[in-house]
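What the coordinates show
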Amino acid sequence: MKKKLILMSFSILISLSILEYGSMLIFENQPNYLKHIFENQTQKPTWGMLDSKLGWVNKPGDEFIANEGNGKKITNWDNFRRASYFNSNFDTNKNKRILFFGDSWTSGFGVNDENSFPWLLNDKKNGFYFENFGTPGYSTFQSYLLANRVLANSKNQPNLVFLGFTPFMSVRDSKMWSSTFAGHGSNIIAVRPPFLLKDKSGKITVSPLWLTETWKLEKSSYFIKMLHFIVVKIYKGIYQNVIFENQNAKHNVTTMSLSLEILKLFNKRVSQNGSKFVVVVLTAGYADNWKWLFDKVKNYNIDLINCSLQSNIEKKYLNNPGGHPNKKYNMFYSDCINNYLLAKMQK
């Protein structure tokens, strides 16, 4: 009997060791899976902080070096990125206030503060002052929620509100996705931001923010991480948006229809304060696949300007490695948007 217990214990120990080693091999071979979005490669806090409504926001008062673009400085004055030399250097009596919302392409991730296009626009001194609320990883819906918060808390309402739109944002609008998308670091908090659900009857609802912290022993056991990963996968499989039955989501008109509803809400909210809403397309990438959405936006009398380059030359204007717009592309954006503004002033 004693030998059987010893043999059984030994067998269990070997089995657990195999499971642990096998799980470790899987995770080590997928280094882009579990690193927290709010940590950089040294595991120190960076630009983001958790937000109970939006998932995350830019961390107020934070300054860090981005891990692309050969290490560029990014400064957050508040929940917005620095867009001029001085936080209170804008003459609000003489200059019109313009706000930018969007994801990392709007934020200017991968270029220094002074090379981001909102900063470059401020440097033109054409009678406007610009604030940059671009937030890495954001969907169109998160951008709308942030804009709603900013407008509700603004004593001085903006004249214009720009949404820097990328097709990645449209996919995020209707996809259950988590912010734990890179690495395998510790202190993992998986954040799935609010997004839209559309059932088979066409009814649209808002899926609330979903937050899960690491399980006990997960930080020290790859096997426990694997179990957690499997549970999350099953959960997603059950509750994933029905429109993602089409695996080629970027061509999915139903996906774009949800983004269209958000843009209509965005326009309505901005108009409530007498401001004007403008959509700026910032990347060629897959933009041609979103032609349906862009045409619909124009049909609702929402200004849409295309500040993207043709996909065959765009790669020269992106950080390598990294993939975000480089200094040259940000200069192109600032000129494109400035031309739109000057044309509007002449009318």
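Residues numbered from 1 in each chain as written. Predicted model: local features only at pLDDT ≥ 70, side-chain atom pairs only at ≥ 80, totals over all residues. Heavy atoms only, no water.

Quick look at a nonpolar patch on the surface now. A cluster of nonpolar side chains, Trp215, Leu227, Ile230, Val231 and Ile234, forms an exposed patch at the surface whose accessible area comes to about 420 Å². Turning to its location among the elements, tryptophan 215 is positioned in the loop between strand 11 (210-213) and helix 6 (222-239). (Patch = residues over 30% accessible without salt bridge, like charges linked within 9 Å, V, L, I, M, F, W, Y side chains within 5 Å. Areas by Shrake-Rupley, 256 points an atom, 1.4 Å probe, with all protein chains shown as cover. Salt bridge = Lys/Arg side-chain N within 4 Å of Asp/Glu carboxyl O. Helix = DSSP H or I, 4+ residues; strand = E, 2+ residues; numbered from the N terminus.)

We now examine the nonpolar core. Counting residues in each nonpolar core, the largest one holds 42 residues, and the members touching the most others are Phe101, Leu163, Phe266, Phe277, Val279, Leu293 and Val297. Within the residue set of this core, elements represented by two or more residues are strand 2 (55-58), strand 5 (96-102), helix 4 (140-152), strand 7 (160-165), helix 5 (167-173), helix 7 (253-272), strand 12 (276-281) and helix 8 (291-299). The leading source of residues in this core is helix 7, at seven residues. In this structure phenylalanine 277 touches Val161, Leu163, Leu263, Phe266, Asn267, Val270, Ile302 and Asp303, once residues within four positions along its chain are discounted. Listed in part, the 22 residues of the second largest apolar core include Leu121, Phe128, Val280 and Leu309. (Core = buried A, V, L, I, M, F, W, Y, C linked by side-chain atoms within 4.5 Å. Buried < 20%, exposed > 50% of the residue type's maximum accessible area, 1.4 Å probe, protein only. Contact = heavy atoms within 4.5 Å.)

Quick look at the packing of aromatic side chains now. According to the stated counting rule, one finds 20 aromatic pairs in the structure shown. Ring geometry for phenylalanine 128 and phenylalanine 130: centres 6.1 Å apart, planes at 50°, overall tilted. Among the aromatic side chains, those forming a connected cluster through ring pairs are Phe100, Trp105, Phe117, Phe128, Phe130, Phe162, Phe168, Tyr317, Tyr329, Phe332, Tyr333 and Tyr340. (Phe/Tyr/Trp six-rings, centres within 6.5 Å; stacked < 30°, edge-to-face > 60°.)

Each disulfide is one covalent bond, formed between the sulfur atoms of two cysteines. One pass over the structure, following the stated rule, counts one disulfide. Through a disulfide, cysteine 307 is tied to cysteine 336; the S-S separation comes to 2.1 Å. Residues cysteine 307 and cysteine 336 share a disulfide whose torsion about the S-S bond is about -80°; that sign makes it left-handed. With cysteine 307 in the loop between strand 13 (303-306) and helix 9 (311-314) and cysteine 336 in helix 10 (residues 327-346), this pair connects stretches of sequence that are 29 residues apart. Each of the two residues, cysteine 307 as well as cysteine 336, counts as buried. (Disulfide = S-S within 2.5 Å.)

Overall, parallel pairing links the five strands, which are arranged 6-5-7-12-13 in an open sheet. Among the strands making up the open sheet, the edge pair consists of strand 6 (128-132) and strand 13. With direction set aside, neighbouring strand axes in the sheet form an average angle of 25°. Direction of pairing for strand 5 relative to strand 7: parallel, over a ladder of five bridges. From the neighbouring strand, leucine 99 faces strand 7, where its bridge partner is valine 161. Contacting strand 5 and strand 6, helix 3 (residues 117-124) crosses the sheet at an angle of about 165° to strand 6. (Pairing = 2+ DSSP bridges. Axes fitted to C-alpha atoms, helices over the stretch in contact; angles between N-to-C directions.)

A separate point is helix 8. The complete set of buried residues in helix 8 reads Leu293, Phe294 and Val297. Buried positions in helix 8, seen along its axis, are confined to an arc of 95° and lie on one side of it. What points out from helix 8, more than 90 degrees from its buried face, is the exposed set Lys291 and Asn299. Along its buried surface, helix 8 packs onto strand 7, helix 7, strand 12 and strand 13. One or two residues past the end of helix 8 sits asparagine 301, with phi positive at roughly 60°. (Arc of directions from axis to C-beta.)

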